[in-house]
Structure formats: structure tokens, C-alpha cells
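Analysis of the macromolecular model
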Amino acid sequence: MTTCGETCELVPAAPRKNRSVLAKAKLAMAASSSTTTTGGHYMFLVALSLLSFAAYGQLSEQFYAAKCPSLDQIIKAEVDRTLSVDRRMGASLLRLFFHDCFVQGCDASVLLDDDAAKSITSEKTAGPNDKSLRGFDVIDRIKDQVEAACGVPGARVGVVSCADILALVTKQAVIYLAGQPGWAGWSLLLGRRDSTTANKDEANTVLPSPNSELPTLIEAFKNKNFTGRELVALSGAHTIGVAQCGNVDETQRQKCIDANNNNTFPLDDETPVDFDKGYYDNLLRDKGLLHSDRVLVDSNDLKLLVLQYARRKDLFFKDFANAMEKMSLMSVLTGTNGEIRLNCSRVNY
């Protein structure tokens, strides 16, 4: 449970329900119309925007209300139980979701194992993921509980997608670690479907490195349609979790040597398992652990955001939630695209 003064008291966000779907479609169409004046290219972008709107239009916060009315209760109970034993798992689940969405969208492709018979090469062994991603067992355990409660015995397909379970679990994990009464995280539309493919090559190329310079970071997030403000807000996820000492900036490496605890060190060594604004406080005190974090203060514009988030926890939470909502909609599969896996680590057929 975090504590803070009056400057970090949170104001609960007004419920947005599905209005964000229409807003995003309008923004996408506006962006496409201002991108080019060439007729053919313009029509292509408008068509692409309409397809995106069609996908979002099939998502709903109440998607499983009839199919699996106990879904939210199962997610909350199991996530809270898991984190009561291992709070660090919350950071692992958040990282798992990020690494899923950044690679071909929020489609649970990161959960697939190798399957030579189906030409699937797992993303789990990609450089940024190998021996560092965890939380797969938590997703599998919750998936089993959900299907036991809502599925049809003997069915060959699932009821709730692994992509939606990962999204829901991540949201609940952050809420739990924030420990902020009245904060409900972010609006989360449901109805994603699971991919039938994985993309190890993309995982090796699009996921930002802990050694990234600022221009590389900005470009990586821009390629996923994130602004500089959203880059700084999402980087605040590093207020929880640990880093492998081999990835620590050379200015901070002595911390790992002195700690001598299984070659890892907390990203925020003061409140390592509390989702708070400590990450930004550390950056301003020259205590950022990763090079990719430290470079955020190299830009005056981004440093101003770091200052704002360090002063106002409520602003950080608000911007982080908005960016997470946006990320949760990245290249989602809906309708007849993809499938609903029965087992999150392998495709159905």
C-alpha cells in the first residue's frame, strides 16, 4: 500500500465505456485525411481507418457478460492471491503484456510455444524475452479456472480468449500494486481473439532495448503510434520490477555488484513492488537504473514530463492509464480473425 501527500490524491476517472471506440475511429480518419492529398493514397488510408473502426466496434466492456459472468471475479481473486505471495509477479505480468502488444498486436502470440508441425517459432526465445519473461504459469492457471467456470466440457475451443485474459490480468495487477482506493485503472474493451501465429523475428527487432538511446526509443514508440508523452508515461512501468545486472547502465552497475542477489537489482530500490511515482523521483536524482530510462531527461520536453509526474502522482496515473488503454487496442483480432484458444500455449488446430 503506497502513501502520499495531498498532491498525489487520485480523482477517479469518469466512466468512458465504449465512447473511446468512436473517438479513436474519428481520430484515425482525421489523421488519414491530413496525411496526404493524393487521391488514391487518401482513399486507402480512409479504408484502413474504417477497417480499424470495424475491429474496435466489435469490442465491448460487456463482451463476456452473458458468456462468462464470473470472469471479473475469477481474475481479481486469482491475481490478488498470486500477488499476495509474490508482489514482483505484478511487474512480470505488465511486462508480458507489453511484449505481447508490441509484437503484431495484443493477440497473445507471446504465449505460444514452439510447434514445428504448425510452423510456429515461439517469441519466448527471442532475445528480449529469453529467460526473462515470466508469468506464463499465472495466465495458464487463470485460463483453466475461467474455462472450468464458463466453458463447455469437451469443447475444442475456448470461451474467453488468452489475449483478453492477459489484458485483464495486467490491469488487475497494476491496480493491486498501486493500492490506491478509488483508482480503477483504465477502460478495457474485450472481445480480442488469439493469433494462430507467433513472430520471433519481429520480437527481436521492435522491442526497445534497455540500452536504447533516446532517438531510438522515440522512433520505436512512434512506429506504434505513441507520442513522446505516452513514451514517458509508459516508461513509468519501471517503477516496479527488477533488471538483470547485465542490462544496467554502467553508471549504476556497482549497485548490482554490491547487492549480490542473483544478478538482478530493483528498478526502484526504495519501493520496488509498489506502483507509484518513484521511478520519476529516481530519474531526477540520477538514480535511473537503465540507460533507456536515464536518457528521458536528456530532452527538455521529456524532462518536463518527468518533473510533472514526480510532482503529481495523479497526473502520472491518468496518463499511464490513457496510454495503457491505447496500447490494449493495438492491432487486435476480432470477428472471425484468429481463434479463441483452449490452451494459451498452443493453437487449437
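Remember, predicted model here, so these are calculated numbers, not experimental data.

So, about the overall build of the protein. Tallying secondary structure elements over the protein gives 14 helices and 2 strands in all. The buried share among the 349 residues of the protein stands at 51%. The contacts in the protein between residues at least 6 apart in sequence include a share of 77% that link residues at least 24 apart.

Before going further, it helps to spend a moment on helix α9 (residues 228–235). Most of α9 sits out of view: 6 of its 8 residues are buried. Among the structural elements, α8 (214–222), α11 (278–284), α13 (300–311) and α14 (313–327) are those in contact with the buried residues of α9.

The next subject is the pattern of salt bridges. What the rule picks out here adds up to 19 salt bridges. A salt bridge links K224 to E202, with the nearest nitrogen and oxygen atoms 3.6 Å apart. With K224 in the loop between α8 and α9 and E202 in helix α7 (residues 200–206), the pair connects residues that are 22 residues apart, well separated along the chain. On the basis of relative accessibility, which here comes to 18%, the residue E202 falls in the buried class. The partner of D281 in a salt bridge is K277, and the shortest N-O contact between them spans 3.2 Å. You can call K277 buried: its relative accessible area is 18%. Each of the salt bridges in this network shares a partner with another, and the network as a whole consists of D269, E270, R285 and K287.

Attention now moves to the packing of helix α3 (residues 71–85) against helix α5 (residues 136–150). Two numbers describe how α3 lies on α5: the axes approach to 10 Å, and their chain directions differ by 150 degrees. By the angle class used here, α3 and α5 are roughly antiparallel. α5 is crossed by α3, and the crossing has right-handed handedness. When α3 is examined against α5, the residues L71, I74, I75, E78, V79, R81 and T82 are found in contact with a partner set consisting of V138, R141, I142, Q145, V146 and A149. Across the contact of α3 with α5, the residue classes break down as 8 nonpolar, 2 polar and 3 charged.

This paragraph deals with the environment of K124. Secondary-structure assignment places K124 in the loop between α4 (89–101) and α5. Spatially, the C-alpha atom of K124 lies 9.9 Å from that of N199, the residues being 75 residues apart in sequence. Beyond its immediate stretch of four places on either side in the chain, K124 contacts V110, L111, L112, D113, N129, D130 and F136. Side-chain polar atoms of K124 contact the side chain of D113, separated by 2.5 Å.

Our next topic: the state of the cysteines. Summed over the entire model, instances satisfying the criterion amount to 3 disulfides. There is a disulfide in this structure between C101 and C106, and the S-S distance comes to 2.1 Å. Here the S-S torsion is close to 120 degrees, and the disulfide linking C101 with C106 is therefore right-handed. On the basis of relative accessible area, C101 is assigned to the buried category, the value being 0%. C106 sits in the buried class, given a relative accessible area of 1%.

Quick look at the UniProt feature "active site" (unreviewed entry) in the protein now. Here, the residues flagged by UniProt with the feature "active site" (unreviewed entry) are H99. In this structure, H99 sits in helix α4. In this structure H99 comes out as buried when scored by relative accessible area, which is 7%. Residue contacts for H99: discarding those within four places in its chain leaves P128, N129, L133 and L207.

Below, the discussion takes up the UniProt feature "binding site: Ca(2+) 2" (unreviewed entry) in the protein. The positions UniProt marks with the feature "binding site: Ca(2+) 2" (unreviewed entry) are T239, D268, T271 and D276. For the annotated residues, spread through 38 residues, the largest C-alpha to C-alpha distance comes to 9.9 Å, consistent with a single compact locus. The residue D268 is located in the loop between β2 (264–266) and α11 in this model. Of the residues examined, D268 reaches a relative accessible area of 1% and is grouped as buried. Discounting chain neighbours no more than four positions away, the residues touching D268 are H238, T239, D276, G278, Y279 and N282. Classification of T271 by relative accessible area gives partly exposed; the value is 24%. There is a polar contact of 2.8 Å between the side chain of T271 and the side chain of D268.

To continue, consider unusual backbone geometry. Both trends apply: most residues other than glycine have a negative phi, and most peptide bonds are in trans. With a phi angle near 65 degrees, A108 is a residue other than glycine that sits in the positive phi range. Structurally, the position occupied by A108 is in the loop between α4 and α5. Although it is not a glycine, S119 adopts a positive phi angle of roughly 55 degrees.

As for its placement among the helices and strands, E230 is situated in helix α9. Setting aside residues no more than four positions away along its own chain, E230 makes contact with N225, A323 and K326.

So, how was this worked out
- Residues numbered from 1 in each chain as written.
- Predicted model: local features only at pLDDT ≥ 70, side-chain atom pairs only at ≥ 80, totals over all residues.
- Heavy atoms only, no water.
- Helix = DSSP H or I, 4+ residues; strand = E, 2+ residues; numbered from the N terminus.
- Buried < 20%, exposed > 50% of the residue type's maximum accessible area, 1.4 Å probe, protein only.
- Contact = heavy atoms within 4.5 Å.
- Salt bridge = Lys/Arg side-chain N within 4 Å of Asp/Glu carboxyl O.
- Axes fitted to C-alpha atoms, helices over the stretch in contact; angles between N-to-C directions.
- Parallel < 35°, antiparallel > 145°, perpendicular 65-115°, else oblique.
- Left-handed = near helix turned anticlockwise from the far one by under 90°.
- Nonpolar A, V, L, I, M, F, W, Y, C, P; charged D, E, K, R; others polar.
- Polar contact = N/O pair within 3.5 Å; in protein donor to acceptor, adjacent residues only side chain to side chain.
- Disulfide = S-S within 2.5 Å.
- UniProt positions renumbered as here; feature names shortened; annotations may be inferred.

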